[in-house]
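Here's the letter readout for the chains.
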Amino acid sequence: MIGLGRYFKLIRMLFKFALMRQMAYRAHFFLMITGKVVRMALLLFFFQAIFLKVDRLGAWNYDQVLLLFATFHLVDYLMSITFQRNLAFRLPQRIQTGELDTRMVLPVNLLFMVSLEELDLMDFFSSIPAVAFLVYVLDRIGFAFSWGQALAYLTLMANAILFLFSVVLIISATSFWTVQSHGVSRVFDNLMKIGRYPLDIFEGFWKVVFAYLLPLVLIAQVPSQALLANLTPGFAAFGCLVTLGFLVFALFLWKRGLENYMSASS
Amino acid sequence: MEEGTRELHVGKLVRREATDAMKAITVEDLTKQYWFFEKEAGFAGSVRALFSGKKVFVDAVRGIGMDVHVGETVGFIGPNGAGKTTTLKMLSGILHPTAGWVEVMGHVPSRREKNFLKGIALITGQRNRLFWDLPAEEYFEFCRVVYEIDEGLYRRNREALVELAEIGDILKVPQRKLSFGQRKRCELAAALLHDPTVIFLDEPTNAMDLLSARRVRRFIREMGSEGRRTIILTSHIMADIEEVCDRLIIINRGQIVYDGGTRELNQGNGITKRIRIVFGGPWERDLVEGLGKILEADDEEVLLEVESERSVEVASRLFAALPVKDISIAEPPMERIIESLYLKGEP
């Protein structure tokens, strides 16, 4: 028994703590949400500007790119609400300062704790306009609801989250050896952004890299294709297998990292 | 398996040994080696280290051994960098030993099993464990869920600990608004809510003002007084140890140089204390010289060195025979105690 009930209680508690923290800085809270929505709108203008010059980006028309865009942002929000800041920023810091020690002596799964300790409710609220935007885009592309496609979309979105979790964990776990808290997470941020463009904009070598070696297409393109009904089951299965591979490697690195953990001196 | 024995598994290694219900901690040949890349000073040195960094190994703990029994309060002391915190981190499962054997309540700490972690507490003077923006009472609730503390036990422990740590009036104040000492007392209480049987305290009074340090020492003494808890306390402050511990382990350069009673340490180990005497009138040099070694002297003041165990007797003889206006006895610094142990040749 791993005591799932206790973990649900813990998530509820961490959610409450996050809310209490955010409320302590209310002005900051509303300012940040506005900032996030404006940032999303600016990106949308960027795409609009491109489509003033061209009709299509590879095989993707304007509405389809909007779907890709909405999906990317939803995945991005889900990630930032949960593990992104915790793993990409806090974990390397905690390794560097030795603060990880106090988490290591708690009788809960350490990876659970370090991944979800500080939930980001700011992004929880900013994701609401993103959901509304997705509904609007679905209407624009004339999506006829089917359980199969909706389920495939959600499953592949979960796959995208798990894939990103693994990539972030791999990058952050290197801090056990490098003991550096700066820069590591920036690498990830920049890589992640590639996922919001259709793969068709890349050529040759990079196309192979982002489709197969470091398949950033899994983040938004693959789930979107499931909704557009132009995803082959083979590629969907490949996407899930790749995620599994990344996850296994990430967990291996995490375990080795903990064995190698030197803790900062007091 | 024979009765009264047990098997312990670590990787492929299997050990069978007699069980000793009273043994809380067993340490044998415990070693921890750290490594880092050597870097020359300056920017050029940093660039060179990127390509040809020399790996340097440091032995933080070198083959130490000890047994600690249930109910003991052990002071684990030594100068900075002696290896005491590293040992404590291996005992609490944070660090993996490079070599040797550690067992705490029948568990191998580095496996960090749930039952092991539920039975211990680690309290450090340096690191902050509470959620910075939230009041302590929220962290208490968090501990209740994490440690799966039964509601009744939680209420009882919470009440007792809040009273003992004297934090009743600050429970609802966000941690960032508390003083260092208040925060540490909240942490102590939080760390003990689940009623751990083995408690590791790493320099708990570090950077505290005198009053807070005294409160914390009283708290620890109370904790240990029930006889069912095992407490290991690291410190480089002698007062912490003398007030709280019955047994003392001194570690220096990764090796144990003394393991024995706290009171016995001062006896027969050549350790000296310094007595500063301020006289209210003329004083006889011969009489003072007969009691110890004069280190400094002028018309009104003398600094006298005496064997540690004679310090109280010397002070009272001085009071009786001379016009003493003021007197103070200084504890020997840790470095001098360790030096004395080495000089004695049989640490």
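Residues numbered from 1 in each chain as written. Chains lettered and ligands numbered in written order. Predicted model: local features only at pLDDT ≥ 70, side-chain atom pairs only at ≥ 80, totals over all residues. Heavy atoms only, no water.

A. Region of interest: the overall build of chain B. Secondary structure summary: chain B contains 12 helices and 15 strands in total. Burial status across chain B gives 52% buried among its 347 residues. Here the analysis covers contacts within chain B between residues at least 6 apart in sequence; of these, 68% occur between residues at least 24 apart. (Helix = DSSP H or I, 4+ residues; strand = E, 2+ residues; numbered from the N terminus. Buried < 20%, exposed > 50% of the residue type's maximum accessible area, 1.4 Å probe, protein only. Contact = heavy atoms within 4.5 Å.)

B. Local environment of the packing of helix α3 (residues 62–81) of chain A against helix α12 (residues 221–228) of chain A. Residue and element names in this part refer to chain A. Between α3 and α12, the shortest axis-to-axis distance is 9 Å and the interhelical angle comes to 130°. One way to sum up the angle between α3 and α12 is to call them oblique. Here the hand of the crossing between α3 and α12 comes out right-handed. Residues Q64, L67, L68 and T71 of α3 form the contact with α12, whose participating residues are Q221, P223, S224, L227 and L228. Residue composition of the contact of α3 with α12, grouped by class: 5 nonpolar, 4 polar and no charged. (Axes fitted to C-alpha atoms, helices over the stretch in contact; angles between N-to-C directions. Parallel < 35°, antiparallel > 145°, perpendicular 65-115°, else oblique. Left-handed = near helix turned anticlockwise from the far one by under 90°. Nonpolar A, V, L, I, M, F, W, Y, C, P; charged D, E, K, R; others polar.)

C. Representation of the interface of chain A and chain B within the structure. Across the boundary between the two partners, chain A contributes 34 residues, which contact 33 residues of chain B. One can count 4 salt bridges joining chain A with chain B. B:D133 is the partner of A:R21 in a salt bridge, and the nearest nitrogen-oxygen pair spans 4.0 Å. Here chain A and chain B share 5 residue pairs in polar contact (both at pLDDT 80 or more) between them. (Salt bridge = Lys/Arg side-chain N within 4 Å of Asp/Glu carboxyl O. Polar contact = N/O pair within 3.5 Å; in protein donor to acceptor, adjacent residues only side chain to side chain.)

D. Structural detail: helix α11 (residues 204–213) of chain A. Every buried residue of α11(A) is accounted for by A:V209, A:F210 and A:A211. Looking at the buried residues of α11(A), the elements they touch are α13 (233–260) of chain A.

E. Representation of the sheet that holds strand β3 (residues 23–38) of chain B within the structure. All names here are of chain B. Strands sit in the order β4-β3-β6 across an open sheet of 3 strands; the sheet is antiparallel. A single partner strand is all that each edge strand has here, and the edge strands are β4 (54–69) and β6 (99–104). Ignoring which end each strand starts from, the neighbouring axes of this sheet average 25° apart. Both β3 and β6 contribute to a ladder of 5 bridges, which runs antiparallel. In the sheet register, I25 faces β6, and the bridge partner there is V104. Contacts between helix α2 (residues 84–91) and the sheet are confined to β3, β4 and β6, with β3 contributing the most and set at about 120° to the helix. (Pairing = 2+ DSSP bridges.)

F. Spatial organisation of the nonpolar core. Judged by nonpolar contacts, the single largest core of 105 residues is most densely connected at A:L100, A:F163, A:L164, A:W254, B:I25, B:V104 and B:F200. The dominant element in this core, judged by the number of residues it contributes, is helix α8 (residues 147–173) of chain A, at 14 residues. Contact partners of A:F163, with chain neighbours within four places excluded, come to A:L214, A:P215, A:L216, A:L218, A:I219, A:V242, A:T243 and A:F246. Judged by nonpolar contacts, the second largest core, of 64 residues, contains A:L14, A:F112, B:L192 and B:F219. (Core = buried A, V, L, I, M, F, W, Y, C linked by side-chain atoms within 4.5 Å.)

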